[in-house]
Amino acid sequence: QLQLVESGGGLVQPGGSLRLSCAASGFTLDSYGIGWFRQAPGKEREGIACISHSGGSTNYADSVKGRFTISRDNAKNTVYLQMNSLKPEDTGVYYCAAAKVLLLFRLCVPHDYEYWGQGTQVTVSS
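Every value quoted in this text rests on a predicted model; they were computed, and no experiment measured them.

Moving on, we come to the overall build of the chain. For the chain, the count of helices and strands is zero helices and 11 strands. Taken from N to C terminus, the helices and strands of the chain fall in the order β-β-β-β-β-β-β-β-β-β-β. Projected onto the principal axes, the alpha-carbon positions of the chain cover approximately 40 × 30 × 25 Å. Put simply, the chain has 126 residues, and 45% of those count as buried. Long-range contacts, defined as pairs at least 24 residues apart, comprise 59% of the intrachain contacts of the chain with a sequence gap of at least 6.

Encoded structure:
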């Protein structure tokens, strides 16, 4: 039973921070690349931050570079997304996803990911 469960979302004021977690069960996370994706109202789902199987390679959307950090703790079978300096445009449903195979030049394409969590809502508003 392969499952990904996101947590840590909520309402935060602009400039604030949130730390999202993605806990895996039914499989060992170190066998997969992991991505965080965001779907804002009326927008297509987009890759936000993705990390390779080994953690040696990452890719960030231009809009979040320098503000968001993806990391993985294989011992805890968990992936994190640290989000700082949040902006209203960061609002959306955040999903984590796992991929068996990723290419280093193609880490953050939704189509490449087979397993998806249910998502967690992040709302940035004053």
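A word on the sheet that holds strand 3 (residues 18-25). As summarised here, the arrangement of the four strands in space is 1-3-8-7, forming an open sheet in which the pairing is antiparallel. Each of the sheet's edge strands pairs with one partner strand only, and the pair in question is strand 1 (3-7) and strand 7 (68-73). Adjacent strand axes in the sheet meet at a mean angle of 15° when their direction is disregarded. As paired strands, strand 3 and strand 8 (residues 78-83) are joined by six bridges and run antiparallel to one another. Bridged to Cys22 within strand 8 is Val79.

Under the defined criterion, the tally for this structure stands at two disulfides. Here Cys22 engages in a disulfide with Cys96; their sulfurs sit 1.9 Å apart. Looking down the S-S bond of the Cys22 and Cys96 bridge, the torsion is 60°, so its handedness is right-handed. With a gap of 74 residues between them, Cys22 in strand 3 and Cys96 in strand 9 (residues 92-99) connect regions that are remote in the sequence.

Conventions and cut-offs
- Residues numbered from 1 in each chain as written.
- Predicted model: local features only at pLDDT ≥ 70, side-chain atom pairs only at ≥ 80, totals over all residues.
- Heavy atoms only, no water.
- Helix = DSSP H or I, 4+ residues; strand = E, 2+ residues; numbered from the N terminus.
- Buried < 20%, exposed > 50% of the residue type's maximum accessible area, 1.4 Å probe, protein only.
- Contact = heavy atoms within 4.5 Å.
- Pairing = 2+ DSSP bridges.
- Axes fitted to C-alpha atoms, helices over the stretch in contact; angles between N-to-C directions.
- Disulfide = S-S within 2.5 Å.

These figures come from the coordinates and say nothing about function on their own.
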